[in-house]
Amino acid sequence: MEKTKLGVSVGFVGALAFLLTYFSGYMVAILLAGYVLLREDSSWLKKACGKAIFLALCFDVLQRVIAFIPDMLGCVGTLTNLFDIDFSYSIVTNIISLITRPLNIVEACLFLILGLLAFKQKTIPIPFIDKLFD
């Protein structure tokens, strides 16, 4: 079992990378990734830290883009209210919720599974992310 310079297993630090990224956000994940990139030699661990942060960024960008749709419709609704025109976009909001809630579940499951797999220094291949870090 490969150890880090701190004396803990590489798999444990990789699991920390995924779990801290999901539960704690970017600041803690970036600090851990910075340490790993500067001090550790394991290429698997470096890829795991980068993958965790990049995956979180992908989910955040996707959620922000999806959440932008009701915001824009809200602007249209405000504009039409100025002219006493009834504009309802509740169906679109419900559809957005129908998309974002399963997306949140997929994100949580993916980070938990990746965190558990990282204990054994394994991962789920995600081609566009893996190519980026290779």
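Some remarks on the packing of aromatic side chains
- One pass over the structure, following the stated rule, counts 6 aromatic pairs.
- Clustering of aromatic rings is evident, with ring pairs tying together Phe18, Tyr22, Phe23 and Phe111.

Describing the pattern of salt bridges
- For the coordinates displayed, the defined rule picks out 3 salt bridges.
- Close ionic contact of Asp134 with Lys47 constitutes a salt bridge, the shortest N to O distance being 2.9 Å. Pair noted here: Asp134 is in the segment after α5 (127–133) and Lys47 is in helix α3 (residues 43–82), with a separation of 87 residues, a long-range link.

Description of unusual backbone geometry
- The residue Asp84 is not glycine, and still its phi comes out positive at about 55°.
- Along the chain, the position of Asp84 falls in the loop between α3 and α4 (90–118).
- Relative accessible area serves as the criterion here: at 74%, Asp84 is assigned to the exposed category.
- For Gln121, which is not a glycine, the phi torsion comes out positive at approximately 55°.
- Tracing the chain through its elements places Gln121 in the loop between α4 and α5.

Digging into helix α2 (residues 26–39)
- Relative to the 20 Å expected for 14 residues at 1.5 Å per residue, α2 spans 19 Å between its end C-alpha atoms, a close match to the ideal helical length.
- Every buried residue of α2 is accounted for by Ala29, Leu32, Ala33 and Val36. The buried residues of α2 occupy one face: seen down the axis, they fall within an arc of 100°. Exposed side chains of α2 directed beyond 90 degrees from the buried face belong to Met27, Leu31 and Leu38.
- Structurally, α2 contributes buried residues whose contacts are with α1 (10–24) and α3.

Overview of the side chain of Ser42
- Position of Ser42 relative to the elements: it lies in the loop between α2 and α3.
- Among the polar contacts made by the side chain of Ser42, one reaches the main-chain amide nitrogen of Leu45 at a distance of 3.2 Å.
- For Ser42, the residues in contact, after removing those within four places along its chain, are Glu2 and Val10.

Scoring rules and cut-offs
- Residues numbered from 1 in each chain as written.
- Predicted model: local features only at pLDDT ≥ 70, side-chain atom pairs only at ≥ 80, totals over all residues.
- Heavy atoms only, no water.
- Phe/Tyr/Trp six-rings, centres within 6.5 Å; stacked < 30°, edge-to-face > 60°.
- Salt bridge = Lys/Arg side-chain N within 4 Å of Asp/Glu carboxyl O.
- Helix = DSSP H or I, 4+ residues; strand = E, 2+ residues; numbered from the N terminus.
- Buried < 20%, exposed > 50% of the residue type's maximum accessible area, 1.4 Å probe, protein only.
- Expected span 1.5 Å × (residues − 1).
- Arc of directions from axis to C-beta.
- Contact = heavy atoms within 4.5 Å.
- Polar contact = N/O pair within 3.5 Å; in protein donor to acceptor, adjacent residues only side chain to side chain.

These results come straight from atomic positions and should not be treated as a statement about function.
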